[in-house]
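Secondary and tertiary structure notes
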Amino acid sequence: MRWWGWGEDGHAVPLPPAAEKLLQDELEADPGVRKRPVPFEQVSLAEPRLPGALRERLATALGAETMRDDRETRVAHAVGRSYPDLVRIRSGDASSAPDAVVFPGSAELVAAVLGLCAEHSVAVVPFGGGTSVVGGVEPLREGFAGAISLDLGRLSASVDVDRTSLTASVDAGLLGPELERRLREDGVTLGHFPQSFEYSTVGGWVATRSAGQASTGYGRIDELVEAVRCVTPAGELGTKAVPASAAGPSLRELVVGSEGVLGVICEATLRVRPAPAARRYEAWSFASFAEGCDALRVMEQAGAAADVNRLSDEDETRLTMALGSSGSTTEKLGRRYLRMRGHEGGCLAIVGFEGSEEEVEDRRRRAAGLLRAGGGVTLGHRPGEAWYRGRFAAPYLRDELLDRGVLAETLETATSWSNLGKLHEAVREALRAALAGRGTQPLVMCHVSHLYPSGASLYFTFLARQEDDALAQWRAAKTAASEAIVAGGGTITHHHAIGRDHRQWLAAEDGELGIEVLRAAKQRLDPAGILNPGKLLP
Ligand SMILES: Cc1cc2nc3c(=O)[nH]c(=O)nc-3n(C[C@H](O)[C@H](O)[C@H](O)COP(=O)(O)OP(=O)(O)OC[C@H]3O[C@@H](n4cnc5c(N)ncnc54)[C@H](O)[C@@H]3O)c2cc1C
């Protein structure tokens, strides 16, 4: 991935002309602004300061090629991919870069690295794809003799499918596309497609309890993990690959979501499914967000939800329509049908079904009946297919927005169905007030994307003209939204994890005693406290 943004050089997704106009009209963005990242030579980072003895011992243990401290490698591991991360790295600030990056190719070498770093009091940051949006991979070295990134990229050889049990034991460093490619060779899929799929890893998903776009149907990663192999400074924490167990509290659950502070996940046994033979994505329109939410709730509680269910609120629907490149299927069909049903505006829903031809047809028919009964009007499959084709495009567009001096950030939560509307309003209001109070007119949008019988997630995207102090502007918005989430009864994170950015709100979720329990586990597994300091635990 390029050091300052998403994807690789040469793979840009340009902003459609309609978007340029919308930025000017709604955000008062200056059309002449271009804030390109500084040239790589101007990126500043400190000289590596790993203790010489440790450097030598690591090189001996790993081999010279699996330890690097060149500028490119260190900058590539300095930050994750949140908005503030990108603001800083694009301005040339890589002051958080690790002193070195190691690439162990086995769990035994991971254990060796942890042992050596504990002896030398050097912080270790497990690094999967580096797509954290909560400050999860930025090395924080206060109180330590240095910091290294432990990149799992070389731990990516093994995919062992048990076709009978429908499980796959896989190395933690595998990236999404390679994992799916290998699983498809055996006719199975994990069905886990976060928007960061192209650049995130199995270990990162498990360590952050991630949710994919089709998680309503296939399950979140925490539901897909059967067992883990986790290497800690105190030894190996392995859990048994069994479908279910009553053997006390689940240690697997302790490792899942541990964000690199307890150990390094080297392998996971995952629950897979037969790869779908058929796929049908379609769009629906609802008169309002409240009406659409209710229809999705009824569908989910009846056990008839689709695999992908996304409902955009009024503002997100409006923006989606405006951004559909002129003449695109989304734009043409969306506009025509929304006008047909007499309420230009309304709310767009995408539902997607996967499975055998028969299953897809049966499930689709049942869901359609419920959606129609809930006030939905079908827009057909073309806008659905257009969404499916573009489902990984948004992060590329974010780079374009940053180029134009636009704050573009997302945050998420989940709550009960009965509280969903109230929380949606509260967070929207908090973001609007925080940004408008600083003199920038924001655009705040939201969608529901993960359904549960008792509630759903809310995913907010907000845009505003970037202030000179872009980080202070972001912090004000983030704090206001987080406070509104906590006060409004939502979880501080439904799938992005805690990292550094949500730490101060963990006590509101787990309570002080709960945090002490987690600290005690860390103390036992990582007595020197070298693993990902400053993350997860307040
Ligand atoms: C554009 C974009 C879209 C995104 N979309 C989604 C989405 O749809 N759903 C979603 O859930 N998230 C999403 N995310 C967030 C992010 O992609 C997820 O948190 C993902 O699971 C991180 O995986 P990674 O391999 O990049 O992990 P990293 O970013 O490298 O690491 C994340 C955290 O896990 C730890 N870690 C990583 N690997 C290991 C390991 N093997 N053992 C122990 N700890 C480890 C790290 O130390 C860090 O704390 C998105 C992020 C971006 C930038």
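What this report covers is the structure whose coordinates are included nearby. Computed from a prediction, not measured in an experiment: that's the story for all the values here.

1. So, the overall build of the protein
Each helix and strand counted, the protein has 19 helices and 18 strands in total. Projected onto its principal axes, the C-alpha coordinates of the protein cover approximately 75 × 60 × 45 Å. Here the protein, with 538 residues, has 57% of them falling under the buried criterion. As displayed, the protein has an accessible area near 21,000 Å², and 52% of this comes from carbon and sulfur atoms. Each charge class in the protein was averaged separately, 60 positive and 72 negative side chains, and the resulting centres sit 3 Å apart.

2. Details of the sheet that holds strand β14 (residues 347-355)
The strand order β15-β12-β14-β13-β17-β18-β16 describes an open sheet built from seven strands, whose pairing is antiparallel. Looking at which strands have only one partner, the edges of the open sheet turn out to be β15 (377-380) and β16 (406-416). Averaged over all pairs of adjacent strands, the angle between strand axes in this sheet comes to 25°, irrespective of strand direction. Taken together, the four bridges between strand β13 (residues 308-312) and β14 define a ladder with antiparallel strand orientation. Of the residues in β14, the one forming a bridge with Val308 is Gly352.

3. Re unusual backbone geometry
In this structure, Ala497 is a non-glycine residue whose phi angle is positive, near 85°. By secondary structure assignment, the location of Ala497 is in the loop between α18 (470-487) and α19 (506-525). The class of Ala497 is buried, set by a relative accessible area of 7%. Backbone geometry at Asn532 places phi at a positive 40°, although glycine is not the residue there. Take Asn532: it is sitting in the segment after α19. Asn532 gets classed as buried once you look at its relative accessible area, which sits at 3%.

4. As for the side chain of Arg404
Mapping Arg404 onto the fold places it in the loop between α16 (394-403) and β16. For Arg404, a relative accessible area of 12% corresponds to the buried category. Looking at Arg404, its side chain comes within polar contact range of the main-chain oxygen of Glu400, at 3.0 Å. Arg404 has contacts with Leu15, Glu20, Leu23, Val33 and Arg34, leaving out every residue within four places of it along the chain.

5. Observations concerning the site of the ligand
Close to the ligand lie 34 residues, the nearest being Pro126, Gly128, Thr131, Ser196 and Thr201. Within the contact set of the ligand, an oxygen atom lies 2.8 Å away from a backbone nitrogen or oxygen of Gly129. Between the ligand and the protein, one listed contact pairs an oxygen atom with a side-chain N or O atom of Asn532 at 3.1 Å. Listing elements by their share of the shell around the ligand, those giving two or more residues are β3 (123-127), α7 (202-208) and β10 (264-271). At five residues, α7 tops the list of elements feeding residues into the shell around the ligand. By residue class, the composition of the shell around the ligand is 13 nonpolar, 19 polar and two charged.

6. A word on the packing of aromatic side chains
In this structure the tally under the stated criterion is six aromatic pairs. Measuring from ring centre to ring centre gives 5.3 Å for Trp6 and Tyr199, while their planes differ by 80°; the resulting arrangement is edge-to-face. Here Trp6 is found in the segment before α1 (17-27), whereas its partner Tyr199 is found in the loop between β7 (188-189) and α7, with 193 residues between them in sequence. Between the aromatic rings of Tyr281 and Trp387, the centroid separation amounts to 5.9 Å while the plane-to-plane angle is 20°, which identifies the pairing as stacked. Taken as a pair, Tyr281 in strand β12 (residues 278-286) and Trp387 in helix α15 (residues 381-389) lie far apart in primary sequence, 106 residues in all. Across this residue pair, the class does not change: Tyr281 and Trp387 are buried. Cation over ring: Arg68 sits above Phe103, and NZ or CZ is 4.7 Å from the ring centre.

7. Here we look at the pattern of salt bridges
Per the stated rule, a full pass over the model turns up 41 salt bridges. Between Asp307 and Arg363 there is a salt bridge; the shortest N-O distance is 3.1 Å. A residue pair is termed long-range when its members are at least 10 positions apart, and Asp307 in the loop between α11 (289-301) and β13 and Arg363 in helix α14 (residues 357-373) qualify at 56 residues. Looking at Asp307, the relative accessible area reads 4%, which means it is buried. Arg363 sits in the partly exposed class, given a relative accessible area of 26%. Glu400 serves as the salt-bridge partner of Arg404, at 3.2 Å between the closest nitrogen and oxygen. Residue Arg404 shares its accessibility class with Glu400, and that shared class is buried. Among the charged side chains, a salt-bridge network with shared partners connects Glu26, Asp315, Arg318, Glu425, Arg428, Glu429 and Arg432.

8. Some thoughts on the sheet that holds strand β8 (residues 225-232)
Sheets are built from strands paired through backbone hydrogen bonds, the pairs being either parallel or antiparallel. Judged by pairing direction, the sheet is antiparallel, and its five strands sit side by side in the order β5-β6-β10-β8-β9 without closing on themselves. Both edges of this open sheet fall to β5 (159-162) and β9 (235-238), since each of them pairs with a single strand only. Going from strand to strand, the sheet's axes swing by 10° on average, the running direction of each strand aside. As paired strands, β8 and β9 are joined by four bridges and run antiparallel to one another. For Arg229, the partnering residue across the bridge sits in β9 and is Gly238. Set on the sheet, helix α5 (residues 107-119) makes contact with β8 and β10; between it and β8 the angle comes to about 40°.

Cut-offs and rules
- Residues numbered from 1 in each chain as written.
- Predicted model: local features only at pLDDT ≥ 70, side-chain atom pairs only at ≥ 80, totals over all residues.
- Heavy atoms only, no water.
- Helix = DSSP H or I, 4+ residues; strand = E, 2+ residues; numbered from the N terminus.
- Buried < 20%, exposed > 50% of the residue type's maximum accessible area, 1.4 Å probe, protein only.
- Areas by Shrake-Rupley, 256 points an atom, 1.4 Å probe, with all protein chains shown as cover.
- Lys, Arg positive; Asp, Glu negative; His and termini not counted.
- Charge placed at Lys NZ, Arg CZ, Asp CG, Glu CD.
- Pairing = 2+ DSSP bridges.
- Axes fitted to C-alpha atoms, helices over the stretch in contact; angles between N-to-C directions.
- Polar contact = N/O pair within 3.5 Å; in protein donor to acceptor, adjacent residues only side chain to side chain.
- Contact = heavy atoms within 4.5 Å.
- Near = heavy atom within 4 Å.
- Nonpolar A, V, L, I, M, F, W, Y, C, P; charged D, E, K, R; others polar.
- Phe/Tyr/Trp six-rings, centres within 6.5 Å; stacked < 30°, edge-to-face > 60°.
- Lys NZ or Arg CZ within 6 Å of the ring centre and 35° of its normal.
- Salt bridge = Lys/Arg side-chain N within 4 Å of Asp/Glu carboxyl O.

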